[in-house]
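# Descriptive structure summary
These are the residues of each chain, in order.
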Amino acid sequence: MMGNDNNIHFNKFPIEQIFSRRRKVLIGIAFIAIVCGPLIGLDPMRLLSGNNLKLAGDFMSAALSPAMDYENPVPGAEPFLITVVKSVLMTLRFALLAMSVSIPIGAILAFFSTTTWWPKIKNKRGLKLLLMGTHIISKSWIAFARSIHELMWGLLFITAMGISTTAAIIAVSIPFSGILAKIYSEIIEEHSREVQKLFRSIGAGTLSSFSFGIIPQALPDILSYTFYRLECALRTATVFGFIGIETIGYRIKLSSDEFHYHEVWTYLYVLFGTIAMLEWWSRSIRKRLGGSEI
Amino acid sequence: MKITHKHPVTFSLESAERYYENTPALNSTTISIEQGERVAIVGPSGSGKTTLLSLFNSTVQASSGKITLLGNELEKTSGKTLKKIRSKIATIPQNLALVDSLRVWQNIITGQIGNRGFFGNLIDLIFPSKNKILKIHSILERLGIDEKLFATTSNLSGGQKQRVALARAIYQNPQAILADEPVSSVDPARAENLVQLLNQISEEENITLVMSLHNLELAQAHFPRLIGLRNGEVQFDSNPEELNESKFKELYTLSEREILDDGE
């Protein structure tokens, strides 16, 4: 009996199926990765050479005992935990400022890039041209703004304006407003137009039927995505610290350069806590608005 | 022959036709509905019931014919006047068109959306006056769901949502209510209850009620006038007592072709 079972099992999975087309493609991709790795200087063995493994070990073990004070205290310096709180607040301030510029610009661009609110323009050529014009301009600007990463914009504006928070915020706001506009307009277009149609049928104007028929339905999803972008803005603010903006990233870089890994972990844990708090806040707002809790 | 009416006419179609890409949805139709009348439109799917209701609030334009809404001939009506006319005609669509994320009172307050400007509507939705909330409360009390005033709409049952849609229609303070199969997705008891309630309100407030229905028994039991539609043509227009079984059978017996076409 057992022999029969084995035969059946073998018959179900003939050797050709083991090397099916999909598997061949996966094996091909893995082969290309192995071959190309060394060409771009990828060398995992470097982790094991010299002092590197020890440094990696030190860094990981420091995660278990984050610093509560400077690892190398300087007389007269403000307490370490005050510095941590200040740098988190600075990062939050940066992210909130960038979002407060990006959200209204994104919302305006989203409004002009969606056709959901358009009135009936069958016999109004001038209005049709105007709406089409603003639609095309908005769509093009959104595509352009999104196509360049905030770090690239950052390098451009910091070169032009020097290291300043203003330059960094402009740099973040350009791609962020484009991304927000794209997602907002997609969310708006995905929602049912039944309420909007009903409002029009009972005499509401174009703007009212759009604003009160579509936006309240879309709001939970819009808020959810906005909170996600705020998280992204926090991470971006951290990264901008590495190019000189005084956010938590700047502190992480200073501590990391001095091999003060316990300090680095304190900053990382506080950053994680801030993002977790934002997530909790976002979830409670979405729940109150009756949106998805994902 | 000139038709005379005892009461002002709410809706009037004279030889009205509506085509969708050369396919007739409503053939030359002449119907007149007086103020305060209660009319059920019956007929199989695809018979033109929704098209007829859409002509009554002018969300669909007739391909030909003369249409008069609340005493205004549509051809001679400006866009501004049309908005005013529409603000006096409430609609209860099949899917109810409620915003689930809003509170019950917020959904109801939008009944007045056609009478207010953008900022007026915004203020109503965010900071409603006490009088408006009291008025909404009294409507909900009448419909038996006043305890749901501040509830989130998504938390209501199907029957409660129907009443919220009805409350929104009443809050609009309309001259007419158009209801497009509003009871198609609830059990018979709830369906009967809502039809009864709509008839009662329409009778008490002298509101014209036009409701499209699949359920013939409900239509016969609650409406003094029935209009039967089939293939975009009026098959009968009379009170239920005058109609015999064969008329209804004729209306709902579909040819094989019609069954395969399956509705609107």
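Definitions and limits used
- Residues numbered from 1 in each chain as written.
- Chains lettered and ligands numbered in written order.
- Predicted model: local features only at pLDDT ≥ 70, side-chain atom pairs only at ≥ 80, totals over all residues.
- Helix = DSSP H or I, 4+ residues; strand = E, 2+ residues; numbered from the N terminus.
- Rg over C-alpha atoms; globule rule 2.2 N^0.38 Å.
- Buried ≥ 20, exposed ≤ 12 C-beta atoms within 10 Å, placed from the backbone.
- Contact = placed C-beta atoms within 7 Å.
- Nonpolar A, V, L, I, M, F, W, Y, C, P; charged D, E, K, R; others polar.
- pLDDT = per-residue confidence, 0-100.
- Pairing = 2+ DSSP bridges.
- Axes fitted to C-alpha atoms, helices over the stretch in contact; angles between N-to-C directions.
- Parallel < 35°, antiparallel > 145°, perpendicular 65-115°, else oblique.
- Left-handed = near helix turned anticlockwise from the far one by under 90°.
- Core = buried A, V, L, I, M, F, W, Y, C linked by C-beta atoms within 7 Å.

## Topic: the overall build of chain A
- Along its length, chain A carries 13 helices and zero strands.
- For chain A, the sequential pattern of α-helices and β-strands runs α-α-α-α-α-α-α-α-α-α-α-α-α.
- In summary, chain A has a C-alpha radius of gyration of 27 Å against a globular reference of 19 Å for 294 residues, an excess of more than 25%.
- Its C-alpha atoms give chain A principal-axis dimensions of about 80 × 75 × 40 Å.
- The 294 residues of chain A split such that 30% are buried.
- If you take every contact in chain A between residues at least 6 apart in sequence, the share linking residues at least 24 apart comes to 69%.

## A closer look at the interface of chain B and chain A
- Opposite the 25 residues of chain B that make contact, chain A presents 20 residues.
- Listing elements by their share of the side of chain B that touches chain A, those giving two or more residues are α2 (79–86), β6 (89–92) and α4 (118–126) of chain B.
- Here the residues of the side of chain B that touches chain A sort into nine nonpolar, 12 polar and four charged.

## Details of the confidence of the model for chain A
- In the predicted model, chain A carries a mean pLDDT of 87, and the fraction of residues at 70 or more is 92%.
- Here helix α1 (residues 2–12) of chain A stands out as the element of chain A with the lowest mean pLDDT, 52, in contrast to helix α5 (residues 80–113) of chain A, whose mean of 95 is the highest.

## Description of the sheet that holds strand β5 (residues 72–73) of chain B
Residue and element names in this part refer to chain B.
- Spatially, four strands are ordered β2-β1-β4-β5 in an open sheet, and the strand pairing comes out antiparallel. Each end of this open sheet is capped by a strand with a single partner; those strands are β2 (23–34) and β5.
- Bridge count between strand β1 (residues 9–20) and strand β4 (residues 64–69): five bridges; the pairing is antiparallel. Its bridge partner being in β4, S12 is matched across the sheet by T68.
- Sheet strands touched by helix α1 (residues 49–56): β1, β2 and β4. Its angle to β1, the strand with the most contacts, is close to 125°.

## Quick word on the sheet that holds strand β9 (residues 225–230) of chain B
Residues and elements named next belong to chain B.
- Strand order in this open sheet of six strands is β6-β7-β8-β3-β9-β10, and the pairing throughout is mixed. At either margin of the open sheet sits one strand with a lone partner, and together these are β6 and β10 (233–238). In this sheet, adjacent strand axes meet at a mean angle of 15° when their direction is disregarded.
- The pairing of strand β7 (residues 176–180) with strand β8 (residues 208–213) spans five bridges and is classified as parallel. The residue bridging A176 from the neighbouring strand is T208, located in β8.
- Each of β3 (38–42), β7, β8 and β9 is contacted by α1, which is oriented at about 155° to β8, the strand it contacts most.

## Quick look at the packing of helix α8 (residues 165–190) of chain A against helix α11 (residues 215–240) of chain A
Residue and element names in this part refer to chain A.
- Closest axis-to-axis distance for the α8/α11 pair is 10 Å, and the angle between their directions is 155°. Here α8 lies roughly antiparallel to α11, going by the angle between them. Judged by the sense of rotation from one axis to the other, the crossing of α8 with α11 is right-handed. Where α8 abuts α11, its residues A168, V172, F176, I179, L180, I183, Y184, I187 and I188 lie against A218, D221, I222, Y225, R229, A233, T236 and F240.
- A class-by-class count of the residues in the contact of α8 with α11 yields 14 nonpolar, one polar and two charged.

## Let's talk about the nonpolar core
- With 70 residues, the main nonpolar core has A40, I177 and V210 of chain B as its most contacted residues.
- Looking at this core element by element, the count peaks at seven residues for helix α6 (residues 158–171) of chain B.
- Counting residues in each nonpolar core, the second largest holds 35 residues, with I142, A167, A181 and A237 of chain A among its members.

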